[in-house]
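The lines below spell out each chain.
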Amino acid sequence: MINPELVQRQKWFVNQRFGMFIHFNSATFQFADTEIEDWEYAHENHDEPRRFPFDPKNWNPSELDCGQWAKAAQSAGMKFAALTAKHHEGFSLWPTRYTEHSVKNAAIQRDVVKEYLDAFRQEGIEAGLYFSMLDLHHQIGRKKCTPEDKHFIKNQLEELLTSYGEIPFIIIDGWNAHWGGPNYEELPFEEIDEWVKGFQPQCLLMNISCESTLEHTDIVFYENAAGQEIEDSFSGPGASCNILTKTWFWRKTDSTMELKSTDWVLQKVEDANRHNVTFLLNGAPNQKGLLDKNIEERFAEIGTRFVQLKELDDVPANWLYRAETSPRSCG
């Protein structure tokens, strides 16, 4: 049975067309000058000991300015954004009640989630959140996801959905993935989906680890930077994401490196949009909490040439519909 309200929300997301992904978390400080890229994959997948545990006291974005990020997004013509409220390492960018591993114990104790949401809303940009189910600090992953771990995940999601007003979407990651994270059997997607919708029925729940179906997501999500390409036959609803630099999180070489071109970005957006897929371009703030000048300039250059497609009114013949049966089976 088709859920017409969900279809309307999916159309809304597809019509955003172009948005900003903001990777800013403990990895910004941990891996800026190491061979590790973004997170400790080998710890989760190959039983290697953690080499880069993160101390909240090392969280020190001394010039944090979410308003700068929002203005950069606006200059690029972006209509929405997503911030990594918690990434795979497990550090929370809001003062959560459920762990000490958060900004409340940082060198700079600012609620980054609130400041981000406020800044982007002020610029008229729809602001959503990214939340990792995989959590190395709290040892939640493919090897362990206990009932207590599930409560922890749910409690944190509840905080995000009840403390900051309307959240149009949450992107989850590190769930039932071949590279790690809790699996379906220990943490059923339907349980998380019901939990999220119980607080905000209009909140889209997108799953980066999803395949090209809507069995475990509201929007099919292609991690294009990891080589996931949109099938020629795909007609939506979808999301795709990529990076201007080498990694998702800021590195010390980013400020002077040759970024991917405006032509490349516009081609990515066009290729995605013709499949009814909205494209997210990453902008990674540095350790001061600011976007580097070259990122600002690239975003502004994109904005001089980006043309928003007209809105999709009617869904195409091959549009994917999410079944409303319960429970939904794994595909």
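Remember, it's a predicted structure, so these values are computed and weren't measured experimentally. (Residues numbered from 1 in each chain as written. Predicted model: local features only at pLDDT ≥ 70, side-chain atom pairs only at ≥ 80, totals over all residues. Heavy atoms only, no water.)

Another point: the overall build of the protein chain. Across its full length, the protein chain holds 9 helices and 8 strands. Its C-alpha atoms give the protein chain a radius of gyration of 19 Å, within 12% of the compact-globule value 20 Å for 331 residues. Projected onto its principal axes, the C-alpha coordinates of the protein chain cover approximately 50 × 50 × 35 Å. Counting over 331 residues, the protein chain shows a buried share of 59%. In the protein chain, once contacts between residues fewer than 6 apart in sequence are set aside, the share between residues at least 24 apart is 75%. (Helix = DSSP H or I, 4+ residues; strand = E, 2+ residues; numbered from the N terminus. Rg over C-alpha atoms; globule rule 2.2 N^0.38 Å. Buried < 20%, exposed > 50% of the residue type's maximum accessible area, 1.4 Å probe, protein only. Contact = heavy atoms within 4.5 Å.)

Turning our eyes to something else, we now look at the pairing of strand β5 (residues 204-207). Burial along β5 is two-sided: the face carrying L204 and M206 and the face carrying L205 and N207 are both buried. Pairing geometry for strand β4 (residues 169-173) and β5, over 4 bridges, is parallel. Along β5, the bridge assignment pairs F169 with L204. For the crossover that starts at β4, traverses helix α7 (residues 189-199) and ends in the parallel β5, the hand is right-handed. (Pairing = 2+ DSSP bridges. Right-handed = clockwise from strand over helix to strand, strands pointing away.)

Roughly 530 Å³ of volume is contained in the largest pocket. What lines the largest pocket is a set of 30 residues, and nearest its centre among them are E37, D38, W39, Y41 and E223. Counting residues per element, the lining of the largest pocket draws most heavily on helix α3 (residues 41-46), at 3 residues. In terms of residue class, the lining of the largest pocket is made up of 15 nonpolar, 7 polar and 8 charged. (1 Å grid on protein atoms, 1.4 Å probe; cavity = no way out; pocket = protein on both sides within 12 Å on 5 of 7 lines; lining within 4 Å. Points joined across faces, edges and corners; volume = space filled by probe spheres on them. Nonpolar A, V, L, I, M, F, W, Y, C, P; charged D, E, K, R; others polar.)

Scanning the model with the defined rule gives 3 cavities of 30 Å³ or more in all. A volume near 60 Å³ is recorded for the largest cavity. Lining the largest cavity, in full, are L244, T245, W250, D254, N282, G283, A284, D292 and I295. In terms of residue class, the lining of the largest cavity is made up of 4 nonpolar, 3 polar and 2 charged. Counted as a void, the second largest cavity has a volume near 40 Å³. As for the second largest cavity, its lining consists of N25, S26, A27, F31, D38, W39, H87, H88, E89 and G90. Its residues assigned to classes, the lining of the second largest cavity shows 3 nonpolar, 5 polar and 2 charged.

Under the definition given, this model contains 20 aromatic pairs. Relative to F80, the ring of F13 lies with its centre 5.3 Å away and its plane at 65°, an arrangement referred to as edge-to-face. With a gap of 67 residues between them, F13 in helix α1 (residues 4-14) and F80 in strand β2 (residues 80-86) connect regions that are remote in the sequence. Look at F80 and you get buried, because its relative accessible area is 0%. For the pair F13 and F169, a centre-to-centre distance of 6.0 Å together with 70° between the ring planes defines the contact as edge-to-face. (Phe/Tyr/Trp six-rings, centres within 6.5 Å; stacked < 30°, edge-to-face > 60°.)

A few words now on the environment of I230. Summarising the element assignment, I230 is placed in the loop between β6 (220-222) and β7 (238-242). Distance from I230 to S240, taken between C-alpha atoms, is 8.2 Å for residues 10 residues apart in sequence. Each residue touching I230, except ones within four places of it in the same chain, is listed here: Y222, S240, A272, H275 and V277.

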